[in-house]
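Examining the three-dimensional arrangement
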Amino acid sequence: MFTFTLTFIRHGETQYNRDKLLQGQGVDTTLSETGVQQGEAVGRYLSDIKFCKVFVSNLQRAVQTAELILRNNIHCSGMEMFLEPLLRERGFGIAEGRHKQDLKNMANASGQSGRDYTPPGGETLDQVKLRFKNFLQVLFKQMLDMHGVSGQEISSVAQSANDGASSDISPSGLASDGLHGDSAHVLVVSHGAYIRVAIRHLVEDLKCGLPAGEKMSQLFSPCPNTGISRFVVTLSRTKSGPVLSAVHCLFTNRKDHLQNLPDPE
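Residues numbered from 1 in each chain as written. Predicted model: local features only at pLDDT ≥ 70, side-chain atom pairs only at ≥ 80, totals over all residues. Heavy atoms only, no water.

This part takes up the nonpolar core. By size, the foremost hydrophobic cluster in this structure holds 33 residues, and its most contacted members are Phe4, Phe135 and Leu139. Only β1 (2-10), α5 (125-147), β4 (184-190), α7 (192-205), β5 (228-238) and β6 (241-254) provide two or more residues apiece to this core. When residues no more than four places from it in sequence are discounted, the contact partners of Phe135 are Phe55, Glu84, Leu86, Leu87, Val188 and Tyr194. (Core = buried A, V, L, I, M, F, W, Y, C linked by side-chain atoms within 4.5 Å. Buried < 20%, exposed > 50% of the residue type's maximum accessible area, 1.4 Å probe, protein only. Helix = DSSP H or I, 4+ residues; strand = E, 2+ residues; numbered from the N terminus. Contact = heavy atoms within 4.5 Å.)

Structure representation (structure tokens):
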């Protein structure tokens, strides 16, 4: 078995975020000045973490955020990023570029909740989840191939996750929470709606272990710009390919690194 940590980060703020406009996939904007500051801040926060792989949505706002993170990292400056279309934001069809309230109004008019509604030309939540599931298969194969695993000893953190002993790996508030020794660490930079779907899949479908005392409302709350979520993942190799043995959530939507930034105007 092989264990690694998986750290998700949402991109920094764009002007569309500030104006509460939907970007989706069709609106490919860069970061605002505040978004650049957020990217620098999360990069400094994670500066001492040695990532072995970095996967990034190929939309500009995610790529720019990843570049800022790596530029501030003492181990990974200049590291190659893997631009992955499977990590792109949910497509919102005709609602892209319009105010979020317009999406709510469309949903109300159709008699559906905002979360369940898919605007014409947009992606359903199940379609986004399928993209994430496909990404996990790509990730799992690359991790096992990269490390040539055939019975590697599981770290103490992963073993706690397998045993369901969530209290043993409760986060302490440090950037290094869940990172032990020479374990492999993967960084994924993506988007708010996508990360929310990903976390729901990990928690609800894959039954991942949860932090002690964590409320579901916090787990599934909207991810802030450059918010950080981290999971411990354990894989097994089988003849048919990699299989997920265990996954444990350490924390979601952390934003400690933003505390000293000036409030957006």
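Having seen the structure, we can now continue with the description.
The strands that make up a sheet are held in pairs by hydrogen bonds between backbone atoms, and each pair lies either parallel or antiparallel. Strand order in the open sheet formed by six strands is β3-β2-β4-β1-β5-β6, with mixed pairing between adjacent strands. Either end of the sheet is taken by a strand with one partner, and the two such strands are β3 (82-83) and β6. On top of the sheet, α5 reaches β1, β2 (53-56), β4, β5 and β6; it is set at about 135° to β1, its chief contact. (Pairing = 2+ DSSP bridges. Axes fitted to C-alpha atoms, helices over the stretch in contact; angles between N-to-C directions.)

With that out of the way, let us pick up the pairing of β2. Burial of the side chains of β2 extends over both faces: Lys53 and Phe55 are buried on one face and Val54 and Val56 on the other. Examined bridge by bridge, β2 and β3 share two bridges and lie parallel to one another. Bridge pairing in β3 links Phe55 to Phe82. Of the crossover connections in this fold, the one passing from β2 over helix α3 (residues 60-71) to the parallel β3 is right-handed. (Right-handed = clockwise from strand over helix to strand, strands pointing away.)

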